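One-letter residues, chain by chain:
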Amino acid sequence: MSKKKEDNGVVAVNRRARFDYELEDTFEAGIQLVGTEVKSLRAGKANIAESYVSPEDNEIYLINADIPPYDHGNRFNHAPRRRRKLLLKKKEINKIAGSVARDGRTVVPLRMYFNERGIAKLQIALAKGKKTVDKRETKKERDWQRQKSRLMKNFG
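Let me sum up the structure you'll find in this document. Just so it is clear, the structure is predicted and the values come from calculations on it, not from any experiment. Per chain, residue numbering runs from 1 following the sequence as it is written. Only residues with pLDDT of at least 70 get local features here, since the model is predicted, and only at 80 or more are side-chain atom pairs given and counted; chain-wide, interface and lining totals rely on the full set of residues. To get the side-chain values, take all heavy atoms of the structure and skip hydrogens and water.

### A word on the overall build of the protein chain
The helix count covers DSSP runs of H or I at least four residues long, the strand count covers runs of E at least two residues long, and both are numbered beginning at the N terminus. A count of helices and strands for the protein chain gives four helices and seven strands. Residues classed as buried in the protein chain amount to 33% of the 156 residues present. Put simply, 67% of the contacts in the protein chain that link residues at least 6 apart link residues at least 24 apart. Carbon and sulfur atoms make up 48% of the accessible area of the protein chain, which amounts to about 10,500 Å² in all. Averaging the coordinates of the 36 positive side-chain charges in the protein chain and doing the same for the 21 negative ones gives two points 3 Å apart. Only protein chains enter the area calculation, which uses a 1.4 Å probe; residues under 20% of their type maximum are buried, those over 50% are exposed, and those in between are partly exposed. Contacts are assigned to residue pairs that have any heavy atoms within 4.5 Å of one another. Values of accessible area rely on a 1.4 Å probe in the Shrake-Rupley scheme; residue burial ignores everything except the protein chains shown. His is not counted here, nor are the chain ends, while Lys and Arg score as positive and Asp and Glu score as negative. Note that the charge is assigned to NZ on lysines, CZ on arginines, CG on aspartates and CD on glutamates.

What follows is the structure, encoded as structure tokens:
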């Protein structure tokens, strides 16, 4: 059975990022992958929850993302947690690197997916860490929305 239509090619989502960080700008980046990594992603196996993005030497890298080895791969299989170069325009790289260096922002991966052309992409965001008070506020708002939807469902 194929994936649901709502998935839209999504392989991995970092749900924790929206809770821990206040997101500012988002970017769509290509990922430099090897063949067995693409096959593993197409099988729906990836984890970006513990990963982060780091600007180094005028390039941007995805670090600690887990793409497990392909099941039917051979001795040329990839290393699961290797550094992967992100493909962005020079202007976007400069904006991200400047914001990290100057303003102390963090770059977090939000979701990994295949676009309509079948190319693996990573959505990243410039973010600022939330304080504990803000996290509590987010939790309250989420609980209220859930409760409100239950009430609307039951009492119309």
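### Here we look at a negative patch on the surface
Here a patch means residues that are over 30% exposed by relative accessible area and free of salt bridges, tied together within 9 Å if like-charged and within 5 Å if nonpolar (Val, Leu, Ile, Met, Phe, Trp, Tyr). We define a salt bridge as a contact between a side-chain nitrogen of Lys or Arg and a carboxyl oxygen of Asp or Glu at a distance within 4 Å. Taken together, Glu 22, Asp 134, Glu 137 and Glu 141 make up a surface patch of like negative charges. Of the residues forming the negative patch, the biggest block, three residues, is contributed by helix α4 (residues 132-155). Within the element layout of this structure, Glu 137 appears in helix α4. Glu 137 gets classed as partly exposed once you look at its relative accessible area, which sits at 48%.

### Description of unusual backbone geometry
Positive phi, normally seen in glycine, also occurs at Asn 58, with a value near 60 degrees. Inspection of the secondary structure puts Asn 58 in the loop between β3 (52-56) and β4 (59-63). Residue class for Asn 58 comes out exposed when judged on its relative accessible area of 55%. Although it is not a glycine, Asn 64 sits at a positive phi angle of roughly 70 degrees. Examined against the element boundaries, Asn 64 turns out to sit in the loop between β4 and β5 (84-87). Residue classification places Asn 64 among the partly exposed positions, given a relative accessible area of 26%.

### As for the environment of Val 11
Within the fold, Val 11 resides in strand β1 (residues 10-13). Residue Val 11 is classed as buried on the basis of its relative accessible area, which comes to 13%. Residues Val 11 and Ala 43, spaced 32 residues apart in sequence, show a C-alpha to C-alpha distance of 8.6 Å. Filtering out sequence-adjacent residues up to four positions away, Val 11 remains in contact with Leu 41, Gly 44, Lys 45, Ala 46, Met 112, Tyr 113 and Phe 114.

### Structural notes on the side chain of Arg 84
Note that Arg 84 resides in strand β5. Residue class for Arg 84 comes out buried when judged on its relative accessible area of 0%. By the criterion applied in these results, polar contacts are pairs of N or O atoms within 3.5 Å in which, for protein atoms, one can donate a hydrogen and the other can accept it, and in which residues neighboring in sequence qualify only through two side-chain atoms. Within the structure, Arg 84 has its side chain in polar contact with the side chain of Glu 37 (distance 2.9 Å). If we skip the residues at most four places from it in the chain, Arg 84 touches Ile 31, Gln 32, Leu 33, Glu 37, Ile 60, Tyr 61, Leu 62, Ala 65, Ile 67, His 78 and Ala 79.

### As for the pattern of salt bridges
Scanning the model with the defined rule gives 11 salt bridges in all. Here Arg 16 and Asp 20 are joined by a salt bridge, their closest N and O atoms 3.2 Å apart. Pair noted here: Arg 16 and Asp 20 are both in helix α1 (residues 15-20), with a separation of four residues, about one helical turn. Residues Arg 83 and Glu 56 are paired through a salt bridge, measuring 2.6 Å at the closest nitrogen-oxygen approach. With a gap of 27 residues between them, Arg 83 in the loop between β4 and β5 and Glu 56 in strand β3 connect regions that are remote in the sequence. On the accessibility criterion, Glu 56 (24% relative accessible area) is partly exposed.

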